[in-house]
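Here is how the chains run, residue by residue.
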Amino acid sequence: MARWWLAALWLVAGWACAEPLSIAVFYGANPPWDELHAFDVAVVEPEHVPLAKIQEFKQTELFAYVSVGEVDKHRAYLADIPKAWRLGKNANWDSIVIDQSQPEWPTFYAQHVIRPLWESGYRGFFLDTLDSYQLVAKTAEQRASQEAGLVALVGELRKQFPAIKLIFNRGFEILPQVHEAVFAVAIESLFQGWDAARQSYQPVSENDRAWLQSQIQTIQSSYHLPLLIIDYVPPEQRELARQTAKRIRELGLIPWVSNSALDMLGVGEIEVMPRKVLFVYNGANNEFGLFDTFASRYGTMPLNYLGYSVEYLDARKPLPSDILTGRYAGVVVWLDKSPDTEAAALAAWLQRQLAATVPLLIMGDMNFLLSEDRAQTFGMTPLNNNVRSTRLRIKQREAIAQYETEPLLDRTAFFPLHADHGRVLLSLENERHEVQEVIALTPWGGYALGPNSLVFLPQVQSVANGEGNSRWVVNPIEFMRLALKLPDMPVPDVSTDSGRRMLMVHMDGDGFSSRAEFFGAPYAGQVMLDRVFKKFAIPTTVSIVQAEIAQNGLHGNDYQPLEKIARDMFALPHVEIASHSYSHPFFWQKNSPYRKSWDQKIVGTDDSEGWYRLLIPGYDFSLMDEIVGSMNYIQSQLAPRNKPVKLFLWTGSCNPGVDALQIASEHEVLAMNGGDTLITRSTPSISLVAPLGIQKGDFFQVYAPNQNENVYTNDWLGPFNGYERAIETFQLTEQPYRLKPMDVYFHTYSASKEASLKALDKVLTWASQQETTPVYVSEYIKKVMDFNHLVVARSHAGWRIRGANELRQIRMPARMGLPTLQVDSGVVGFNLHGDSHYVHLAQSDVSLSFTSQATTQPYLVSANARVTAMRRAPKTMQFDLHGHVPVEFEMALQPSCVVSSKGRILNAFSGQGNVRKFSANTHDLQDIRVVCR
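Residues numbered from 1 in each chain as written. Predicted model: local features only at pLDDT ≥ 70, side-chain atom pairs only at ≥ 80, totals over all residues. Heavy atoms only, no water.

Let us look at the overall build of the protein. Tallying secondary structure elements over the protein gives 23 helices and 55 strands in all. A compact globule built from 933 residues would reach a C-alpha radius of gyration of about 30 Å, and the protein, at 31 Å, matches this within 12%. Taken over the C-alpha atoms alone, the protein extends approximately 105 × 80 × 65 Å along its principal axes. Out of the 933 residues belonging to the protein, those deemed buried represent 59%. Contacts spanning at least 24 positions in sequence make up 70% of the contacts within the protein whose residues lie at least 6 apart. With the model as given, the accessible surface of the protein reaches about 37200 Å², and the carbon-plus-sulfur share is 50%. One finds the centroid of the 85 positive side-chain charges in the protein at a distance of 5 Å from the centroid of its 99 negative side-chain charges. (Helix = DSSP H or I, 4+ residues; strand = E, 2+ residues; numbered from the N terminus. Rg over C-alpha atoms; globule rule 2.2 N^0.38 Å. Buried < 20%, exposed > 50% of the residue type's maximum accessible area, 1.4 Å probe, protein only. Contact = heavy atoms within 4.5 Å. Areas by Shrake-Rupley, 256 points an atom, 1.4 Å probe, with all protein chains shown as cover. Lys, Arg positive; Asp, Glu negative; His and termini not counted. Charge placed at Lys NZ, Arg CZ, Asp CG, Glu CD.)

See below:
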């Protein structure tokens, strides 16, 4: 079968199964940019759109809202409109009605309204208030004059901007003359409307609907234009919005159901599934302290696993007034200390979210919600708070609250509490038979009181200097899923690629110049090169600290042999190059406004330069030198010509500020490190598994998937073979949940001792023997960044995924069924791990649907390489694989299927059932064809 024939079949099938046009309308000041990417068209208020966003949107077309018949008083061009052109006012919207019959109006409008937006990048425009002239034009002659002016205006727009796309809001009267210039027509309030005069939502009357339906029928039969129906429903009535959108869709129309101000994410042809959660804290005064909050350290990872990214809110600052419904999956409150002056504002804000039916979860301290008036709002019944108990026992608990440890049974934290209409997961009882419902699901979400949801045990010995004493009483993943009412849906997964757990290797450059404890005292860098990097030819990211090896560093007399070792490392084909800074800052607060307080906290003085970094004579600390300068040094002095240096590994505390993150972002530097994933057999708690990273201002810091040998060896004090326990971490983050990829993470100084070198060799050997997909750190970082922005939307036929540029693995509960392998779906295959199906995608934008029926179509079960292209036809598929090690893949095939690559038959080297395994000696396998007779 010729390759061009498959491509042609793909195109025909794609057009045949094209999804209906989807349009979103959002006029708010803070548009949900990620979510708007799910739609084919997004209508926005241009005053709220930065220029960069216009240029960023490609697949989704941005249409600018513009008013034709009226001008709001805040529009700048109103001052240039002659008073003679102003016919009257629209009292409901406090706007000026414009005389459309003025001969100069079309040119004025094109130049003053459309031209600036066109030059900004807009090519589509939503023309509103096309019928406002009817407020003042009362005779047939007056209306005809106004309509002629509107026709002239549309003609002028087409003349000056031939490629312009126009969505009419109504404009029924002029459609006969200009319909060929119209992209789509919008009609408001077919089933549910908004009465601007009464400021109320109300159903549309039968008479009004009948008139609109006659207009719809004319547009459909005479002009064949797409029709957008905009209906209005209160934000808290999300189910009514879904039902209304369904009714509109069943008429063959494009729905958009939102609130009256059109400043919330409504329901349309598709419904975006919110993948962000707001997390409220009060224990950090700046971005450096955010790492140690309950929100970041314990609350974010479970949400990441469930498919959600987190935005942090400081309860002590003004909380957002935006409508959260449809935009956020829920709100979690986990305060680090008892609230002070922020308590009243936080409680009032939560009451507003409750009224808007936004799911809420309260962790730890809940007392600020238990005053008599607030408790009643939340359906809580607190009793005598002065109870003193001598004995407590567990009265009731479900399996979900029997996770890692027993409740603490702290008598000082006990007070009787009842959740009305709640599902109690854990309750305690005192000797007087008074009950405290400690963990419960409620109609509005749920709560888990401290200290009996996450317990802090007495200090235990661990690989992390005595840390690791936290244990979950309740399973946080399942509890958050239930409390926030998170639906079953496909979620992006950054632990896996092509159905196999990812494996990555990266080295921080510390100790490169150290003398190893071997014969001849070689440099640790040389030992690492000879005994590790030359032995394990798997993707490895290697960094150096400039001051350790450069002529202008600490060992200037030895720079030539040290630089040669680095060049030899970077020349290896499986090595990716990174910088580990110039002077290795231990704390990135050096240039922050919080430096003085941090200095006094750490060393009691402002003169603490040595606490921040390596002391290099004559060097003044500079973030630019640390990040960009060190990378430029590597690029110019150490890197092969064909290897760009675009990666930076954070140093020391790995807690950079917004200033450092901004420099990395502005220079397109990929950066990673930080987080403390330290779960082991002796500290077996997922509370010790870090999240994907942390949001700081407008920037996101990507964490390393797990920690390095420093923490496994008690800060390099011993035992020096401690890094062997990283295997325990890999195992415990694989079952029962695959929480992380495997990351073999170490420093150069691991090559300075026999024990540590053997431990590293053992870990790499073990990891290499697992069935994985090896990737570089840079690839992992891009997948995490995709995770934060990828969009999942529900359509009437299934699901829509957009923005899976580098992240091509979707995980879904097995109870949702099996993915259908449609010709145009973009699904390469799937496999099962635990209770989840891992679905492999071949493109960034895909459509998914699921079935309970097993498929007979061929599909990829797993591979140690990335699928870079795929075409599918009935009983036939064609794809390419690109990897970093010799390719292995397994496919589900019927007995009659034949697999080939570039015309050469591939024979399976093993198989079980309908799954066959294949291999090749090359890292890239192209034109793989599966033909089933």
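Turning next to the environment of Glu668. Relative to the helices and strands, Glu668 resides in the loop between α19 (658-666) and β34 (670-672). Looking at Glu668, the relative accessible area reads 67%, which means it is exposed. Residues Glu668 and Leu647, 21 residues apart in the sequence, show an inter-C-alpha distance of 9.1 Å.

Take empty space enclosed by the protein next. On inspection of all chains with the given rule, the structure shows 6 cavities of 30 Å³ or more. Here the largest cavity is characterised by a volume of approximately 140 Å³. Residue lining of the largest cavity: 16 residues in total, with Asn304, Tyr305, Val494, Leu692 and Leu739 positioned closest to the centre. The biggest single contributor to the lining of the largest cavity is helix α9 (residues 294-305), with 3 residues. Partitioning the lining of the largest cavity into residue classes produces 10 nonpolar, 2 polar and 4 charged. The calculated volume of the second largest cavity comes to roughly 60 Å³. Lining the second largest cavity, in full, are Thr300, Asn304, Ser309, Val310, Tyr312, Leu692, Gly693, Ile694, Gln695, Phe700, Phe787 and Asn788. Put simply, the parts of the chain that give the lining of the second largest cavity at least two residues each are α9, β17 (309-314), β35 (693-696) and α23 (777-789). Classifying every residue of the lining of the second largest cavity by side-chain character gives 6 nonpolar, 6 polar and no charged. (1 Å grid on protein atoms, 1.4 Å probe; cavity = no way out; pocket = protein on both sides within 12 Å on 5 of 7 lines; lining within 4 Å. Points joined across faces, edges and corners; volume = space filled by probe spheres on them. Nonpolar A, V, L, I, M, F, W, Y, C, P; charged D, E, K, R; others polar.)

Next up on the list: the pattern of salt bridges. Taken as a whole and judged by the stated rule, the model has 44 salt bridges. Note that Arg397 and Glu406 form a salt bridge whose closest N and O atoms lie 2.9 Å from each other. Using a relative accessible area of 24% as the deciding quantity, one classes Arg397 as partly exposed. Of the charged contacts, one joins Glu888 and Arg500 as a salt bridge, the two residues approaching to 3.8 Å between their closest N and O atoms. Of this pair, Glu888 sits in strand β50 (residues 888-892) while Arg500 sits in strand β30 (residues 500-508), and the two are 388 residues apart along the sequence. When its relative accessible area of 35% is taken as the criterion, Glu888 is described as partly exposed. Here Arg500 falls in the buried class, since its relative accessible area comes to 5%. (Salt bridge = Lys/Arg side-chain N within 4 Å of Asp/Glu carboxyl O.)

In this section: the nonpolar core. Of all hydrophobic cores here, the largest spans 108 residues; its most connected members are Val331, Leu346, Trp349, Leu350, Met380, Tyr447 and Phe479. Look past the residues within four positions of Met380 in its chain and what remains in contact with it is Met366, Leu370, Ala375, Leu417, His418, Ala419, Asp420, Trp444 and Tyr447. Ranked by size, the runner-up nonpolar core spans 90 residues in total, among them Met672, Val711, Ile781 and Val885. (Core = buried A, V, L, I, M, F, W, Y, C linked by side-chain atoms within 4.5 Å.)

On to the sheet that holds strand β49 (residues 876-882), then. Sheet architecture is open: 5 strands sit in the order β48-β49-β55-β51-β52, paired in antiparallel fashion. Two strands lie at the open edges of the sheet, namely β48 (866-873) and β52 (904-905), each paired on one side alone. Relative to strand β55 (residues 924-932), β49 is paired through 6 bridges, and the arrangement is antiparallel. Bridge pairing in β55 places Met877 opposite Val930. (Pairing = 2+ DSSP bridges.)

Looking now at the packing of helix α13 (residues 524-533) against helix α22 (residues 754-769). Remark: α13 packs on α22, axes separated minimally by 11 Å, with the N-to-C direction vectors making an angle of 35°. Relative to α22, the crossing made by α13 is right-handed. Judged by residue contacts, Val527, Met528, Arg531 and Val532 of α13 engage Glu754, Leu757, Leu760 and Leu764 from α22. Taken together, the residues of the contact of α13 with α22 break down into 6 nonpolar, no polar and 2 charged. (Axes fitted to C-alpha atoms, helices over the stretch in contact; angles between N-to-C directions. Left-handed = near helix turned anticlockwise from the far one by under 90°.)

In this section: the pairing of strand β25 (residues 445-449). Counting buried positions along β25 yields 5 of 5 residues, so the element is predominantly enclosed. Of the two faces of β25, the one lined by Gly445, Tyr447 and Leu449 and the one lined by Gly446 and Ala448 are each fully buried. Bridge count between strand β19 (residues 360-364) and β25: 5 bridges; the pairing is parallel. Note on β25: the bridge partner recorded for Ile362 is Tyr447. Hairpin connection from strand β24 (residues 435-442) to β25: 2 residues lie between these consecutive antiparallel strands.

Counted by the stated rule, this structure contains 1 disulfide. Each disulfide pairs two cysteine sulfurs, and for Cys897 the partner residue is Cys932, the sulfurs being separated by 1.9 Å. Since a negative S-S torsion denotes a left-handed disulfide, the Cys897-Cys932 link at about 105° is right-handed. Taken together, the residues Cys897 in strand β51 (residues 897-901) and Cys932 in strand β55 connect sequence positions 35 residues apart. Exposure class is identical for Cys897 and Cys932. Each is buried. (Disulfide = S-S within 2.5 Å.)

Turning next to unusual backbone geometry. In this chain, Gly450 is followed by Pro451 through a cis amide linkage whose omega measures 5°. Counting through the fold element by element, Pro451 comes out in the loop between β25 and β26 (454-456). Backbone torsion omega between Gln735 and Pro736 reads -5°, so that peptide bond is classified as cis. Within the element layout of this structure, Pro736 appears in the loop between α21 (726-732) and β37 (742-747). Unusually for a residue other than glycine, Glu668 sits at a positive phi of about 55°.

For the protein, the mean per-residue pLDDT works out to 92, and 94% of the residues sit at or above 70. With pLDDT under 50 throughout, residues 1-17 is counted as low confidence; its partners more than four residues away or in other chains account for 22 contacts. Low pLDDT, under 50, characterises residues 461-466; the stretch is placed with 19 contacts to residues that sit more than four places away or in other chains. (pLDDT = per-residue confidence, 0-100.)

The next subject is the packing of aromatic side chains. For the structure shown, the criterion picks out 34 aromatic pairs. Here the aromatic rings of Phe294 and Trp334 are separated by 5.1 Å at their centres, their planes lie at 10°, and the arrangement is stacked. Of this pair, Phe294 sits in helix α9 while Trp334 is found in strand β18 (residues 330-334), placing the two residues 40 residues apart along the sequence. Taken together, the ring pairs in this structure connect Phe294, Tyr298, Trp334, Phe456 and Trp472 into an aromatic cluster. For the cation-ring pair, Arg123 lies above Trp118, with the distance from its terminal atom to the ring centre recorded as 4.0 Å. The cationic tip of Arg531 hangs over the ring face of Phe518; the distance from NZ or CZ to the ring centre is 5.4 Å. (Phe/Tyr/Trp six-rings, centres within 6.5 Å; stacked < 30°, edge-to-face > 60°. Lys NZ or Arg CZ within 6 Å of the ring centre and 35° of its normal.)

So, on to the layout of surface pockets. What the second largest pocket holds in volume is close to 1500 Å³. Considering the residues around the second largest pocket, the lining is formed by 46 residues, among which Trp93, Glu188, Trp194, Ala196 and Tyr232 are closest to the centre. For the lining of the second largest pocket, the elements supplying multiple residues, two or more each, are β3 (61-67), β4 (70-72), β7 (124-128), β10 (192-195), β11 (200-203), α7 (206-223) and β12 (227-232). Each residue belonging to the lining of the second largest pocket can be placed in one class, and the counts come to 18 nonpolar, 16 polar and 12 charged.

The next thing to look at is the sheet that holds strand β9 (residues 184-188). Strands in a sheet are paired, the pairing made by backbone hydrogen bonds, and the direction either parallel or antiparallel. Pairing is mixed across the open sheet formed by 9 strands, whose spatial order is β1-β2-β3-β7-β8-β9-β12-β13-β14. Each of the sheet's edge strands pairs with one partner strand only, and the pair in question is β1 (23-26) and β14 (267-268). Where β12 meets strand β13 (residues 254-258), 5 bridges bridge the pair, whose relative direction is parallel. Bridged to Ile229 within β13 is Pro255.

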